[in-house]
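# Structural features, examined
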Amino acid sequence: MRFVFFALFCSLASLVHANEEAAARFNALMADDALRQQAYAAGQERIVLCGHCHGSDGNSKREHIPNLAGQNPRYLFSSFEKFADGQRSDYVMSQLAQILSLEERVNIAVYFSQQRVKPKAHKVDPALSLKGAAVFRNTCIACHGAHAQGQESAPRLAGQPAEYLQRTLSRFRDKDPSRAGSPMLPIAAILSEQDITAVAAYLSQLSGTAQ
């Protein structure tokens, strides 16, 4: 039993050290324009696998997969690290994150963060959009920003595919085990199915900039 606890302690200590090292390297890169541009170029060469689902410019090819374009680079990097260390789980992303080096994950985050989001053009019922705007103002602005552009600790929602947003919010509301510990759980719990449909429709049309 003592050996099990010792092994677990060593594993956790190693994970914390790896996370701290990753954050330190990323912060150093983001503070240096020349290094950041080098990372962008390197990331552009390494996003072949990512592009199959997320698009070479970070705009998703499938409605149930998120856009990575325009996301805050630190948010992208942090999310990638959570897949790499097992805090988040996804069949594809968990495997991909583990075969890429730390440097490659940093470079990819930098590259996608500098792409422009291209919301998909589709008709949205004006009444549904107005309801979604109200839900967003009352529920989401504090973390995701007035124009849903996101920040370091919360993802950009503007321009995301409506299907992806609906699926994700529903998973939070239904307390999907893979989302355990997320601050979104109590927020999504108060949303009705109509609220989720409306806010997803509204956000899918946003550019993420002030109008």
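Residues numbered from 1 in each chain as written. Predicted model: local features only at pLDDT ≥ 70, side-chain atom pairs only at ≥ 80, totals over all residues. Heavy atoms only, no water.

For helix H5 (residues 91–99), the full list of buried residues reads Met-93, Ser-94, Leu-96 and Ala-97. Those residues of H5 hidden inside the fold are in contact with helix H3 (48–54), helix H4 (73–85) and helix H6 (102–113). The N-cap residue of H5 is Asp-90: its side-chain oxygen and the backbone nitrogen of Val-92 are 3.1 Å apart. (Buried < 20%, exposed > 50% of the residue type's maximum accessible area, 1.4 Å probe, protein only. Helix = DSSP H or I, 4+ residues; strand = E, 2+ residues; numbered from the N terminus. Contact = heavy atoms within 4.5 Å. Polar contact = N/O pair within 3.5 Å; in protein donor to acceptor, adjacent residues only side chain to side chain.)

Counting residues in each nonpolar core, the largest one holds 23 residues, and the members touching the most others are Phe-26, Val-106, Ile-108, Val-110 and Phe-112. If you list the elements that add at least two residues to this core, you get helix H1 (2–30), helix H2 (33–46), H4, H5 and H6. The greatest single-element share of this core, amounting to seven residues, is contributed by H6. If sequence neighbours within four positions are ignored, Val-110 has contacts with Phe-26, Leu-29, Met-30, Arg-36, Ala-39 and Tyr-40. One finds Val-135, Ala-158, Leu-169 and Leu-191 within the second-largest nonpolar core, a separate group that totals 22 residues. (Core = buried A, V, L, I, M, F, W, Y, C linked by side-chain atoms within 4.5 Å.)

Here the structure, examined in full by the defined rule, presents three aromatic pairs. For the ring pair Tyr-40 and Tyr-111, a centre distance of 5.0 Å and an interplane angle of 45° mean the geometry is tilted. Of this pair, Tyr-40 sits in helix H2 while Tyr-111 sits in helix H6, placing them 71 residues apart in sequence. A relative accessible area of 5% places Tyr-111 in the buried class. Here the aromatic rings of Tyr-111 and Phe-112 are separated by 5.3 Å at their centres, their planes lie at 65°, and the arrangement is edge-to-face. By relative accessible area, Phe-112 is classed as buried at 1%. Through a chain of ring-to-ring contacts, three or more aromatic side chains come together here, namely Tyr-40, Tyr-111 and Phe-112. Stacked on the ring of Phe-172, the Lys or Arg Arg-179 has its end atom at 5.1 Å from the ring centre. (Phe/Tyr/Trp six-rings, centres within 6.5 Å; stacked < 30°, edge-to-face > 60°. Lys NZ or Arg CZ within 6 Å of the ring centre and 35° of its normal.)

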